[in-house]
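For reference, the chains in residue letters:
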There are 6 protein chains.
Amino acid sequence: MSVWLQENSWQELDKLRIKAKDTIIIPVGSTEQHGRHLPLGTDTMVATMLAVDAAEKAQVLVAPPLWYGWSPHHMVLPGTITLRPEVLIEVLYDVMESLGKHGFKRFIVINGHRIVNIPWMQIAAERAQRLLGIKVVIFDPAYMSKEVVGPLGFGAVGHSEEIESSHMLYKHPELVHLEQAQDNPITATPLYSVDPRFTGDTLCYVPSTLTHMQNSVDVAGGTTGKPSQTSAEKGQQYHEHLVGNLVEVIEQLQNN
Amino acid sequence: MSVWLQENSWQELDKLRIKAKDTIIIPVGSTEQHGRHLPLGTDTMVATMLAVDAAEKAQVLVAPPLWYGWSPHHMVLPGTITLRPEVLIEVLYDVMESLGKHGFKRFIVINGHRIVNIPWMQIAAERAQRLLGIKVVIFDPAYMSKEVVGPLGFGAVGHSEEIESSHMLYKHPELVHLEQAQDNPITATPLYSVDPRFTGDTLCYVPSTLTHMQNSVDVAGGTTGKPSQTSAEKGQQYHEHLVGNLVEVIEQLQNN
Amino acid sequence: MSVWLQENSWQELDKLRIKAKDTIIIPVGSTEQHGRHLPLGTDTMVATMLAVDAAEKAQVLVAPPLWYGWSPHHMVLPGTITLRPEVLIEVLYDVMESLGKHGFKRFIVINGHRIVNIPWMQIAAERAQRLLGIKVVIFDPAYMSKEVVGPLGFGAVGHSEEIESSHMLYKHPELVHLEQAQDNPITATPLYSVDPRFTGDTLCYVPSTLTHMQNSVDVAGGTTGKPSQTSAEKGQQYHEHLVGNLVEVIEQLQNN
Amino acid sequence: MSVWLQENSWQELDKLRIKAKDTIIIPVGSTEQHGRHLPLGTDTMVATMLAVDAAEKAQVLVAPPLWYGWSPHHMVLPGTITLRPEVLIEVLYDVMESLGKHGFKRFIVINGHRIVNIPWMQIAAERAQRLLGIKVVIFDPAYMSKEVVGPLGFGAVGHSEEIESSHMLYKHPELVHLEQAQDNPITATPLYSVDPRFTGDTLCYVPSTLTHMQNSVDVAGGTTGKPSQTSAEKGQQYHEHLVGNLVEVIEQLQNN
Amino acid sequence: MSVWLQENSWQELDKLRIKAKDTIIIPVGSTEQHGRHLPLGTDTMVATMLAVDAAEKAQVLVAPPLWYGWSPHHMVLPGTITLRPEVLIEVLYDVMESLGKHGFKRFIVINGHRIVNIPWMQIAAERAQRLLGIKVVIFDPAYMSKEVVGPLGFGAVGHSEEIESSHMLYKHPELVHLEQAQDNPITATPLYSVDPRFTGDTLCYVPSTLTHMQNSVDVAGGTTGKPSQTSAEKGQQYHEHLVGNLVEVIEQLQNN
Amino acid sequence: MSVWLQENSWQELDKLRIKAKDTIIIPVGSTEQHGRHLPLGTDTMVATMLAVDAAEKAQVLVAPPLWYGWSPHHMVLPGTITLRPEVLIEVLYDVMESLGKHGFKRFIVINGHRIVNIPWMQIAAERAQRLLGIKVVIFDPAYMSKEVVGPLGFGAVGHSEEIESSHMLYKHPELVHLEQAQDNPITATPLYSVDPRFTGDTLCYVPSTLTHMQNSVDVAGGTTGKPSQTSAEKGQQYHEHLVGNLVEVIEQLQNN
């Protein structure tokens, strides 16, 4: 028995759906540059490993992952694949509509592509809730690790920084090349921070322009943050914190 | 001389644009229920009063307001007007494209409809930056007042709560009917908060369903929060804090 | 009590809707160059001043104005903002759908941007009537002043000509700079006239190309017609004629 | 040699295009109920017979006809085919873009479906002029016969009335069944007329609802006007007037 | 009495629909280059002549033809008109929806533009079957002549080759200029053939690029195949085979 | 070193792209019911295993798989996920556009969802070739195994039949439950076959209606064909035939 929907036959799936109380996780990430030391698929792998571990604990299902996200800014480096957010809205909506027709009622969309995918997911989620009569929540690791990132000694959310690197090192060590990692410490900008833990006044997030991204390319091969602080152990604690939260979210959903 | 683009002739406007260093504010709000005590246009009025006061200080221009936003959840009460977010993306993009063709290069989009309008604004802003070669920032009062709301003794961001009510009482006392206001204190939900000041782990915002909204209707005529704590004086301090931030944002934009 | 929807709370609005026999006016204009003497917002101001005066007489409501219209040809001069007509159709449809859900059944869309906005309004209006079961009429000052323009001694419909200028001078004298006005008399073209009073055979209206518009720019700063004939008094008579017609249209709608 | 583009090979067509000074007519009509006495294809046949006769005189080309138009109101009776206007805009645009790439620069779109097709044609024409650098005019028989309809003794523009019936009787007598025709005299409505010759104040045209159309169905099988006044001779005069105007329009286009 | 829907009045049409057991043929072709010897409208003429002859035998109806198809590759030569396939899907869907509302239940879409139009027709047909509760089949001469083309001695499916040329010579000899025809024998490509009779492994069809098309232009004015083998007699046999199949398809549809 | 794009960092990927002569495979499948014995993800797994094995031989890259296809007919059974084909066109286009910007020029799209996905892939492929200047081929196992299926003793292409079952048993035995398999022999229909090997005249493929699909559900749990004939050995031969063809296709692409 697998938590992956796609590894079950339709009759197995239908039984598992009932056991899962109509709950399913949709892992969404991106395929985009992650510095010189992390694989292009990092964000989708992150969404997937959270989904699978929580699904096994909570006995729910996981839909096949969507490997493509909204990454216009990371087109600055090769291998990045970006879909228009208008298209992504429709993809996610259709996936939820299909599953909704088969009786799924509780959806957790995991955004492995921290922060950036949220806008189009919100638009798809609202439409799905309104038209399909389902419940949808969006689970983003950056927003769901606010309480643990500080205690672990991690810095702010950047890109391919020590947080993502530790997480990947814990789960996919064979794909992490720490010796290639370059630091690019995050410096404060007045009235702007992407980090959900930031307590000051801030403008809202807008993906950077390619011109602006070029700087992190020149300095650190696309990295922002300090991958030199990477630790598999901390990655594990970070992972377990997120999986714990995800299981709790599922239980809340199922009790409403 | 007016900071409103629409009150100038094209030749006045063109001169003012140069003086404004190609900077323009686009005030966007919503038309939606705001409890029994605030007018339906509150969000657009908020965007507008911030825009005008900052524009006068910073000598920049203000585009005509967009009175319509994304308010599917507030359709639970009469007078609410909601546009599909897919449509709003295109509206904002076209406005920026038009102004970009006339030489404007720095755009501040003010979201008077705190939190909710952000997703479609982000999508429009990214596309505009990428295709038009302009710079766009999104200024949301909830994210830009994180440092002042606590000191002022305001509670969490709700709807038509003491923050909005104080702001409106300061600037539009004739439209505020405090005697009609009903309190609906915000209670903590595990792992979820809309408030940008919330420091705990949280799911991402998704507009509520109509079913869920019905509760705040039944309890307090559409209000969430404590309008009983409304104060014109605090409204003024809140306003001045935001205008100060907005002027600073403009200066930063102009110096980049 | 205000006729503006946005200045009322939802509970006031709902009472006013019943008094208004489910009738609401949607003022739509444009933001576009209006010669050297009129403000960029002229068309929306015109729609708004007709809407408000008629609404007060007929005790109906007015929705927040849409400041943006279809003005591709006026992009020839700065300050003009144009939306794609495909987008405008959706905006107007969503506004009517929202209000239709709250019980409004009779809609008057005022086109302050004479002639040009009609096509997309027709498409939105037909769809709204068909899908929402409401009644929609389009009120355009140029088509609704055919009987009065001649007697007042005004020439043909142009742009920023004596008709618009007189109307604005009557209602917004502080925004009119007649000393800047330039005449650009309208010369007859065989088989083509934009003017609804034209009795000869004619091709249908298509917005001019930018190349063609350049002529009116070079000659008269974007004006076509004779603003030198402007008169606040005639503007008042023109206004009252239109308001009278608008009130009559509302009564007809309410009696069907 | 045929004026129809589709009856020529590409090499013949290319020679004819030069002879035609890059001018082509696109006949567009509708397929919709035309009372009990006229065929469903009347509007497209009208566009086609005007196009062919003028093209032969002026030595220009005719594109294959578009048999489908915007006819939501005529869906009240069988055989009517209606396309969404949003789709029609794209069809016409693509046709013009294709021909524009082959060197055509002057386009006359004939609207055999009087009045109703104009809005989407205007939107397509403006976009085509702006993006393709071509010139497009819209030729509508109702607007191009204002000077002749009165002298011929015809009444106002209705549907399947004496004007259309006479025109069809002249050119397609075998498809006209006058013995089935039913009169349905047009009565004046205050402040509203579809007829381009109407000199009074009027609301703009919006296609009727199906409920409203049912009346003309009940009274006269879908006819509005007086087909009893049909005359092949007058049909010929009407036709020749229109062809004359069309030839003049072509010459004007070619001399600009 | 005519099998063409557009030549009947609505009341005749409604009677014929019942006689036709709610069956209607929609002929779709293209307007595109067909070598130096065939007219640009060949594909639509082919669809039309099959439709009319089968309709007369089977007593069903024929909708007005759609003269425009998907021909991006043939834009290499003048006179070709191509619509985006996204637009064509909507056109065909709207035609079927309109007719479906009038009681038609069995649709045969004829693709005179062999092979190329199939993709968008499939998408429109599936949607129409699902949403409208009708039955739709796609009849393509290339797929429906697999059994006769070999026996007739014709070569593979190309463009303007002996198959199309014979068909046109039989039905429209006045439009065929065999003296202009140029041969361009089809040579085998490994693992790729457009011909439905091809029995080897093959990639799927994708319309050629303009660069690739240039070759057939240079060699044979846009022809692929051997028009020198054209025969009106074989054209007749080919036609009768297809008409026979079409009648059989109609009967099957009517008996299900 | 991995052939999967997503398992490489951007700098590894860029080196591999050069080695791959700018060639990349995009595996696309579906998530849909595959009888009682095969997993829901069969089609994507098929696309993936062909892609990986050929990529390793030919030293090219593989993009992350798209797990979602066009499966409206299989919505008859739970677990099926279907995207609108209009959405799939845009997804595939965006993936190719992104990769095209990074220097990829040769694309092989594998359709693991035999036959059904072809239409939207064709539309995306043509657009991509035209606008991006890349070369795209569509590799469908059903069309690429025409020469081997007969010799292996397999029957016609159905659904979850002996061909797919053998292929899956060879590569994913742990996911195949042959004991659950039910036969549903394919019977000939006059003038219609989905099988690319069919040599008779045929209508074109259109996905079945849900009503029609219900039959195969009732008879054999969604299977069409004879899974009882499944053989891992034949599955291997089938796989190697396809991989051989795929490698040959890649070489052809690289030599053009």
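As the structure is a computational prediction, the values presented were derived from the model and not from experiment.

Scanning chain A from terminus to terminus reveals nine helices and four strands. Each helix (α) and strand (β) of chain A, taken in turn from the N terminus, gives the series α-β-α-β-α-β-α-β-α-α-α-α-α. The burial tally for chain A puts 68% of its 256 residues in the buried class. Long-range pairs, those at least 24 residues apart, make up 80% of the contacts in chain A with a sequence separation of at least 6. Surface exposure of chain A reaches about 8,100 Å², of which carbon and sulfur atoms provide 50%. For chain A, the distance from the average position of its 19 positive side-chain charges to the average position of its 28 negative side-chain charges is 7 Å.

Between chain F and chain A, which share one sequence, the superposing operator has a rotation angle of 180 degrees and an axial displacement of 0.0 Å; the RMSD is 0.0 Å. Both chain copies can therefore be described as sitting about a two-fold axis.

So, about the pairing of strand 3 (residues 106–111) of chain E. Residue and element names in this part refer to chain E. In terms of burial, strand 3 is largely enclosed, as six of its six residues are buried. Of the two faces of strand 3, the one carrying Arg106, Ile108 and Ile110 and the one carrying Phe107, Val109 and Asn111 are both buried. Examined bridge by bridge, strand 1 (residues 23–28) and strand 3 share six bridges and lie parallel to one another. Bridging across to strand 3, Thr23 finds its partner in Arg106. Pairing geometry for strand 3 and strand 4 (residues 135–139), over five bridges, is parallel. Within strand 4, the position partnered with Val109 by the bridge is Ile138. Handedness of the crossover joining strand 3 and strand 4 through helix 4 (residues 118–132) is recorded here as right-handed.

This part is about the relation of the copies chain B and chain A. The pair of chain copies shares a relation made of a rotation about an axis and a shift along it. Of the two same-sequence chains, chain B is brought onto chain A (RMSD 0.0 Å, axial shift 0.0 Å) by a rotation of 180 degrees. Taken as a fraction of all interface residues of chain B, those also at the interface in chain A reach 100%, which identifies the copy contact as same-surface.

Before going further, it helps to spend a moment on the sheet that holds strand 1 (residues 23–28) of chain D. Residue and element names in this part refer to chain D. Here four strands make up an open sheet; going across it, the order is 2-1-3-4 and the pairing parallel. Sheet topology places strand 2 (61–62) and strand 4 (135–139) at the edges, where each strand pairs with a single neighbour. Examined bridge by bridge, strand 1 and strand 2 share two bridges and lie parallel to one another. Bridge pairing in strand 2 links Ile25 to Val62. Against the sheet, helix 4 (residues 118–132) touches strand 1, strand 3 (106–111) and strand 4, its axis set at about 165 degrees to strand 4. In this fold helix 9 (residues 232–254) packs onto strand 1, strand 3 and strand 4, with an angle of close to 155 degrees to the strand it touches most, strand 3.

Okay, the sheet that holds strand 1 (residues 23–28) of chain F next. Residues and elements named next belong to chain F. Pairing in this open sheet of four strands is parallel, and the strands run 2-1-3-4 from one edge to the other. Each of the sheet's edge strands pairs with one partner strand only, and the pair in question is strand 2 (61–62) and strand 4 (135–139). Contacts between helix 2 (residues 42–58) and the sheet are confined to strand 1, strand 2, strand 3 (106–111) and strand 4, with strand 1 contributing the most and set at about 160 degrees to the helix. Where helix 4 (residues 118–132) meets the sheet, its contacts fall on strand 1, strand 3 and strand 4, and the angle it forms with strand 4 comes to roughly 165 degrees.

Bringing the interface of chain F and chain A into the picture now. Listed by partner, the interface residues are 49 residues for chain F and 49 residues for chain A. Taken together, both faces of the contact between chain F and chain A bury some 4,200 Å²; the carbon and sulfur share is 64%. Three residues stand out in chain F for area buried against chain A, namely Trp10, Tyr68 and His102 of chain F, and they jointly supply 17% of the buried area on that side. Of the charged contacts, one joins Arg84 of chain A and Asp94 of chain F as a salt bridge, the two residues approaching to 2.9 Å between their closest N and O atoms. Counting every contact that joins chain F to chain A gives 26 residue pairs in polar contact (both at pLDDT 80 or more). Elements with a contribution of two residues or more to the side of chain F that touches chain A: helix 1 (10–19) and helix 3 (85–101) of chain F. If you tally residues by element for the side of chain F that touches chain A, the top one is helix 3 of chain F, at eight residues. The residue inventory of the side of chain F that touches chain A, partitioned by class, reads 24 nonpolar, 17 polar and eight charged.

Counting through the fold element by element, Thr42 of chain C comes out in helix 2 (residues 42–58). Not counting the four nearest positions on each side in its chain, Thr42 of chain C is found in contact with His34, Glu164 and Met168 of chain C.

What follows is about the pattern of salt bridges. Here the structure, examined in full by the defined rule, presents 72 salt bridges over all chains. Residue Arg130 of chain C pairs with Glu126 of chain C through a salt bridge whose shortest N-O separation is 2.7 Å. With Arg130 of chain C and Glu126 of chain C both in helix 4 (residues 118–132) and four residues apart, the pair spans about one turn of that helix. Overall, the relative accessible area of 44% leaves Arg130 of chain C in the partly exposed class. We classify Glu126 of chain C as buried; its relative accessible area is 4%. In this structure, a network of salt bridges that share partners links the residues Arg84 of chain A, Glu86 of chain E together with Glu90, Asp94 and Arg127 of chain F.

Let's shift gears to the environment of Tyr143 of chain C. One can find Tyr143 of chain C in helix 5 (residues 141–144). Note: C-alpha distance between Tyr143 of chain C and Asp195 of chain C (52 residues apart in sequence) is 8.7 Å. With residues near it in sequence (within four places) discarded, Tyr143 of chain C still touches Ile115, Ile118 and Pro196 of chain C together with Gly200, Asp201, Thr202 and Cys204 of chain D.

On to the packing of aromatic side chains. Each aromatic ring pair is described using two quantities: the centre-to-centre distance and the angle formed by the ring planes. All names here are of chain A. Per the counting criterion, the structure on display carries six aromatic pairs over all chains. Plain terms: the ring middles of Phe154 and Tyr238 are 6.3 Å apart, the flat faces sit at 80 degrees to each other, and that makes the pair edge-to-face. Of this pair, Phe154 sits in the loop between helix 6 (146–149) and helix 7 (162–171) while Tyr238 sits in helix 9 (residues 232–254), and the two are 84 residues apart along the sequence. On the basis of relative accessible area, Phe154 is assigned to the buried category, the value being 6%. Lying across the ring of Tyr93, Arg127 places its NZ or CZ 4.9 Å from the centre.

Time to look at the environment of Asn245 of chain A. Position of Asn245 of chain A among the secondary structure elements: in helix 9. Classification of Asn245 of chain A as buried rests on a relative accessible area of 8%. Spatially, the C-alpha atoms of Asn245 of chain A and Arg130 of chain A are 26 Å apart, while their sequence positions differ by 115 residues. When residues no more than four places from it in sequence are discounted, the contact partners of Asn245 of chain A are Phe139 and Met144 of chain A together with Leu191 and Asp201 of chain B.

This next bit is on the arrangement of the chains. Spatially, chain A and chain C are disjoint, and the shortest separation between their C-alpha atoms is 15 Å. Looking at chain B next to chain D, you find no contact at all, with the nearest C-alpha pair sitting 15 Å apart.

On to unusual backbone geometry, then. Despite not being glycine, Ile115 of chain C has its phi angle at roughly 75 degrees, a positive value. Its place among the elements puts Ile115 of chain C in the loop between strand 3 (106–111) and helix 4. Ile115 of chain C sits in the buried class, given a relative accessible area of 8%. Even without being a glycine, Ser160 of chain E presents a positive backbone phi close to 60 degrees.

Residue and element names in this part refer to chain A. Remark: helix 2 (residues 42–58) packs on helix 7, axes separated minimally by 11 Å, with the N-to-C direction vectors making an angle of 60 degrees. Between helix 2 and helix 7, the angle falls in the class oblique. The way helix 2 lies across helix 7 gives a crossing that is left-handed. Here helix 2 contributes Thr42, Asp43, Met45, Val46, Met49, Leu50 and Asp53 to the contact with helix 7, which in turn contributes Glu164, His167, Met168 and Lys171. Residue composition of the contact of helix 2 with helix 7, by class: five nonpolar, two polar and four charged.

Residues and elements named next belong to chain B. Here helix 3 (residues 85–101) spans 24 Å end to end across 17 residues, near enough to the 24 Å set by a 1.5 Å rise per residue. Along helix 3, 13 of the 17 residues are buried, which leaves the element largely enclosed by surrounding structure. Phi turns positive, to about 105 degrees, at Gly103, one or two residues after helix 3.

Cut-offs used in this document
- Counting from 1, residues in each chain are numbered in the order their sequence is written.
- Chains and ligands are labelled by the order in which they are written, letters from A for the one and numbers from 1 for the other.
- Only residues with pLDDT of at least 70 are given local features in this predicted model, and only at 80 or more are side-chain atom pairs given and counted; all residues enter the totals for whole chains, interfaces and linings.
- Side-chain metrics in this entry use all non-hydrogen atoms of the structure; hydrogen atoms and water are not considered.
- Here a helix means four or more residues in a row that DSSP labels H or I, a strand means two or more in a row labelled E, and each is numbered from the N terminus.
- Accessibility here uses a 1.4 Å probe with only protein chains present; expressed as a share of the type maximum, an area under 20% marks a residue as buried, one over 50% as exposed, and anything in between as partly exposed.
- By definition in these notes, contact holds between two residues if any of their heavy atoms fall within 4.5 Å.
- Per-residue and other accessible areas were derived by the Shrake-Rupley procedure at a 1.4 Å probe size, with only the shown protein chains allowed to occlude residues.
- Note that His is not counted, nor are the chain ends; the positive residues are Lys and Arg, and the negative ones are Asp and Glu.
- Charge positions come from single atoms, namely NZ of Lys, CZ of Arg, CG of Asp or CD of Glu.
- Least squares is the method for superposing the copies, and the C-alpha atoms it fits come from residues with pLDDT of at least 70 in both.
- The pairing criterion is simple: DSSP has to find at least two bridges between the two strands.
- When the strands point away from the viewer and the path from the first strand over the helix to the second turns clockwise, the crossover is right-handed.
- Axis lines are fitted through C-alpha atoms, for helices just across the contact stretch, and the angle between N-to-C directions can take any value from 0 to 180 degrees.
- What gets called buried area is simply the loss in accessible area from a 1.4 Å probe that two parts show on being joined, summed for both.
- Only one rule defines a salt bridge in this text: a Lys or Arg side-chain nitrogen within 4 Å of an Asp or Glu carboxyl oxygen.
- Definition of a polar contact: a pair of N or O atoms within 3.5 Å, with one able to donate and the other able to accept a hydrogen when the atoms are protein atoms, and with sequence-neighbouring residues admitted only if both atoms are side-chain atoms.
- Polar here means any residue outside two lists: the nonpolar Ala, Val, Leu, Ile, Met, Phe, Trp, Tyr, Cys and Pro, and the charged Asp, Glu, Lys and Arg; Gly therefore counts as polar.
- Classification of ring pairs uses Phe, Tyr and Trp, with its six-membered ring standing for Trp, and accepts pairs whose centres are within 6.5 Å; under 30 degrees between planes counts as stacked, over 60 as edge-to-face, and the remaining range as tilted.
- Lysine NZ or arginine CZ positioned within 6 Å of the ring centre and within 35 degrees of the ring normal marks a charge as sitting over the ring.
- We call two directions roughly parallel when the angle between them is under 35 degrees, roughly antiparallel when it is over 145, roughly perpendicular when it lies between 65 and 115, and oblique otherwise.
- Handedness of a crossing is defined here by the sense of rotation of the near helix relative to the far one, left-handed for an anticlockwise turn of less than a right angle and right-handed for a clockwise turn.
- An expected span of 1.5 Å times one less than the residue number is assigned to each helix.

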